[in-house]
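Chain by chain, the residues:
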Amino acid sequence: QQQDRQKDIPPAGKDDGTRVSVLGYHEFSSTLAPSQMRIRTATFRKQMEALRNLRIPVIPLEDFLAWKKGLKFIPPRSIVITIDDGWKSVYTDAFPILKEFKFPFTVYLYKNYVDGGGRALTTSMIREMQQHGCSIGSHSVSHPFPGTIKHHARKGEEAYLKFLRREFGESKRFLETKFSQEITTYAYPGGYYTEDMYPVAAEHGYDHLFTVLPGKIRQGLDDRRLPRYIIHGNSDLHFEQATTFKSLLGAEAVAGAVVQTTPYPVIPEPGSRIESRLPSISVDLSDLENLDPESIIMRISGFGRVEHSFDPATSRLSWAVNRRLRHRVCEVNVQWRLKGTSKY
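Residues numbered from 1 in each chain as written. Predicted model: local features only at pLDDT ≥ 70, side-chain atom pairs only at ≥ 80, totals over all residues. Heavy atoms only, no water.

Caption draft 1: Local environment of the nonpolar core. Membership of the largest hydrophobic core comes to 53 residues, with the highest contact counts inside it found for Leu23, Tyr25, Met48, Ile81 and Phe168. Beyond its immediate chain neighbours, meaning those up to four positions away, Ile81 contacts Leu23, Tyr25, Met48, Leu51, Val58, Leu98, Phe103, Pro104, Phe105 and Thr106. (Core = buried A, V, L, I, M, F, W, Y, C linked by side-chain atoms within 4.5 Å. Buried < 20%, exposed > 50% of the residue type's maximum accessible area, 1.4 Å probe, protein only. Contact = heavy atoms within 4.5 Å.)

What follows is the structure in structure tokens.
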């Protein structure tokens with residue numbers, strides 16, 4: 001039976017209809033403000049819950065690479081999780097969640113940040129994660145920004161090649177020696193790449209290289225510039241796009257997930273999908289001390305400022321949409337002052 005299945009595997013370069021979304025994360029925090037490169041730990045957990053609830057398989061990078069080479073079947077819609085740089089929060093915040101969900105993941109490390117102190121991953125942390133579904137890839141030696149790469153390119157071909165060979169080659173040798181894993185994949189720092197890098201990468205045994213350009217991966221896509229959805233901490237757009245799959249091979253389409261969190265409970269839940277075009281919207285501010293109820297302002301996209309109601313007994317404010325919602329996304333904004341302050 002296995003031999004019969006092997007006969008059906010299409011040759012590499014063909015399109016078997018399978019699509020893969022590679023997610024790219026950076027830093028995690030339960031206290032620091034979210035940004036493009038930093039995501040709240042609670043939001044990350046909700047995203048992992050969304051993957052489970054949508055029943056989108058999260059596959060190890062090893063399976064993805066085997067499929068890309070035409071050597072293995074994978075589910076027709078799959079997710080690969082990658083995390084760049086090597087922030088300590090990968091171990092303290094993301095790893096416990098990924099281990100709980102039994103999701104494999106890959107960390108792209110750059111040599112100069114391993115055991116870098118402060119907020120950097122340590123060797124022992126990385127080795128522990130390797131024992132629980134984590135693989136590693138190269139993210140260069142020094143994580144050079146585009147300006148640095150262009151600076152070396154202006155020095156001439158010989159100097160530029162020396163620089164590239166160090167970034168690609170030394171990082172590979174370091175990671176393979178330290179972590180006893182063959183390194184064949186590379187994530188371009190900042191997503192910046194040029195065709196000059198292709199032969200250098202091949203020279204050092206890299207066969208799959210990742211960018212930061214969003215998009216689904218099909219089997220025949222160029223392995224030297226594979227897309228990834230970089231997941232931003234202050235926007236759901238890329239996560240929604242990554243988890244939206246068109247109908248393939250007769251299967252049902254998968255609608256993407258919007259995952260948001262708010263500091264105070266809201267109804268409908270943040271980022272949720274609703275069927276009613278005339279929903280009631282409410283916010284629970286009972287945990288706020290010294291709230292000035294007269295200062296509360298509520299705005300709804302498409303409606304502007306609305307005349308909400310506030311229940312002083314429960315500290316809950318609410319408003320019912322009075323004309324049918326027309327857009328697929330509705331933003332709700334609530335602001336207030338505390339008594340004795342002027343700042344909203």
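There's plenty left to go through after this.
Caption draft 2: Seen up close, the side chain of Ser138. Residue position: Ser138 is located in strand S6 (residues 134–138). At 2.8 Å, the side chain of Ser138 and the side chain of Ser171 are in polar contact. There is a polar contact of 3.3 Å between the side chain of Ser138 and the side chain of Tyr206. (Helix = DSSP H or I, 4+ residues; strand = E, 2+ residues; numbered from the N terminus. Polar contact = N/O pair within 3.5 Å; in protein donor to acceptor, adjacent residues only side chain to side chain.)

Caption draft 3: The pairing of strand S1 (residues 19–25), seen in detail. Counting buried residues in S1 gives 6 out of 7 residues, a clear majority hidden from the surface. Pairing geometry for S1 and strand S4 (residues 77–85), over 7 bridges, is parallel. What sits directly across from Leu23, in S4, is Ile81. Summarising the sheet, S1 and strand S9 (residues 229–230) pair through 2 bridges and their orientation is parallel. Counterpart to Leu23 in the pairing with S9 is Tyr229. (Pairing = 2+ DSSP bridges.)

Caption draft 4: Structural view of the sheet that holds strand S11 (residues 280–284). What the 4 strands build is an open sheet, ordered S10-S11-S15-S14; its pairing is antiparallel. Edge positions in the sheet fall to strand S10 (266–267) and strand S14 (309–311), since each of these pairs with one other strand and no more.

Caption draft 5: Summary view of the pattern of salt bridges. In total, this model carries 15 salt bridges according to the counting rule given. A salt bridge links Arg119 to Glu27; its shortest N-O distance comes to 2.2 Å. With Arg119 in the loop between strand S5 (105–109) and helix H5 (123–130) and Glu27 in strand S2 (residues 27–29), this residue pair connects regions lying 92 residues apart in the sequence. Two residues, Arg316 and Asp284, come together in a salt bridge whose shortest N-O distance is 4.0 Å. On the criterion of sequence distance, the pair formed by Arg316 in strand S15 (residues 316–320) and Asp284 in strand S11 is long-range, its members being 32 residues apart. For Asp284, a relative accessible area of 17% gives the class buried. Residues participating in the shared-partner salt-bridge network are Lys111, Arg166, Glu167 and Glu170. (Salt bridge = Lys/Arg side-chain N within 4 Å of Asp/Glu carboxyl O.)

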